[in-house]
Every structure is written in C-alpha cells, then in structure tokens.
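# Structural overview
Each chain, letter by letter, is given below.
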Amino acid sequence: MSFTVRPARTSDVPQVQALIEPLVQRRILLGKDAVVFYEAIQEFRIAEDENGTPIGCGALHVMWEDLGEVRTLAVVPEWLHHGVGHALLAQLEADAIELGLSRLFCLTFEVDFFQKHGFSPMLEDAIDPVVYSELVRSSDEGVAEFLDLARVKPNTLGNTRMLKRL
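All of the points below concern the structure found in this document. (Residues numbered from 1 in each chain as written. Predicted model: local features only at pLDDT ≥ 70, side-chain atom pairs only at ≥ 80, totals over all residues. Heavy atoms only, no water.)

Below, the discussion takes up the environment of Arg9. One can find Arg9 in the loop between β1 (3-7) and α1 (13-25). Arg9 sits 36 residues away from Arg45 along the chain, and the two C-alpha atoms are 8.9 Å apart. (Helix = DSSP H or I, 4+ residues; strand = E, 2+ residues; numbered from the N terminus.)

Below you can see the structure in the form of structure tokens.
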C-alpha cells in the first residue's frame, strides 16, 4: 500500500468534503461550507493512493508570526495506521518551518496521535498578552479555539488544545 502527499488543488474540494463528512457527523471535525475550503485550498495537503484517490487531508493555517494551526487532519478508515496521518503531519510541519513558524497548535480528540508527534496539552500562559490582544480581533474560528474564547466552547467540548514547538 503506497501513497503520496501533494498540495491540494481546487478540484480536490469535493473529495475533501466527502472525506471529512463522517467525522463531521461524529462531531470530531467541524463542517465547513465549500467556499471556506476553496478560500483555503492553498493551506491543504492531500494524501492519495497509487490510483490518485484522496485518502487523507490536512491543512496548515497561519495564525501569527510564529504560530500556525494544524486543521482538518483526516484519514479514511481503511488507511488508518498505515502512516498517512504521520506523513500529512510531517508535510504540514515542513511547510510551517518553511514559512518561519516555530509553534503549531491543534484542537483534537486524537491526543495520543499528537503526543506521539511532539504536541503537548496547552498551558494557559502559552501566549503573550500583547499577541493575545491582536489575535482576539480575528474572526477566524480556529483563532477563537486557540484563545479558548467562550463563544466557541459549545463546539469544542471534549477536545484538547495542544501545542508543539518546532
């Protein structure tokens, strides 16, 4: 079983939506409108099997000068435990380093997976107050999740906020 990881293309959006839909139904990932995926397509990486079928995806969203978020990391069930999630995360980390980021955030139920990859549960003082005052102005839901703002709490119950230094 072999696969490759590549940058996403706009034509991948329907497959990404189909790939994450079961996780949205289980309330593991938040659903998004197609327009949101198209607007962020350059943030995504796609894992595909030898036939070119998407089997996983993940995105890196820049939040601040040194901070990015791993988003929408998903692998189809039949490819779990075959290194697909690891390869996607490794690519997203390489992308983060290339952009000059030094920290990665994620909000996840998959604590063990992310801990195995160097992430730790976030401490309350993980962000400088000056940066906090700037980030709080963002309308991005991921930034609100990072800041642990009350308006996102109903959607994040049970998730763990995790951080990794690159």
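The tally for this structure, following the rule as stated, stands at four aromatic pairs. Seen from their ring centres, Phe3 and Trp79 are 5.9 Å apart, and the 80° between their planes marks the pair as edge-to-face. Separated by 76 residues along the polypeptide, Phe3 in strand β1 and Trp79 in the loop between β4 (67-75) and α3 (84-99) bring together distant segments of the chain. Joined through ring pairs, the aromatic side chains of Phe113, Phe114 and Phe119 make up one cluster. (Phe/Tyr/Trp six-rings, centres within 6.5 Å; stacked < 30°, edge-to-face > 60°.)

Take the pattern of salt bridges next. Across all of its chains, the model carries six salt bridges by this definition. The partner of Arg71 in a salt bridge is Glu69, with the nearest N and O atoms 2.7 Å apart. No difference in accessibility class separates Arg71 from Glu69, as the two residues are buried. One salt-bridge network, in which partners are shared between bridges, spans Arg6, Asp12 and Glu48. (Salt bridge = Lys/Arg side-chain N within 4 Å of Asp/Glu carboxyl O. Buried < 20%, exposed > 50% of the residue type's maximum accessible area, 1.4 Å probe, protein only.)

Here α1 contains 13 residues, and its C-alpha end-to-end distance of 18 Å stays within 8% of the 18 Å for a straight helix at 1.5 Å per residue. The principal kink in α1, of about 30°, is found at Leu19, preceding the proline Pro22 by one to four residues. Along α1, the residues classified as buried are Val13, Val16, Leu19, Ile20, Leu23 and Val24. Buried-residue contacts for α1 involve α2 (34-39), β2 (44-49), β3 (54-64) and β4. Following α1 by one or two positions, Arg27 has its phi on the positive side, about 65°. (Expected span 1.5 Å × (residues − 1). Bend = angle between axes of the 7 residues up to and from the residue. Contact = heavy atoms within 4.5 Å.)

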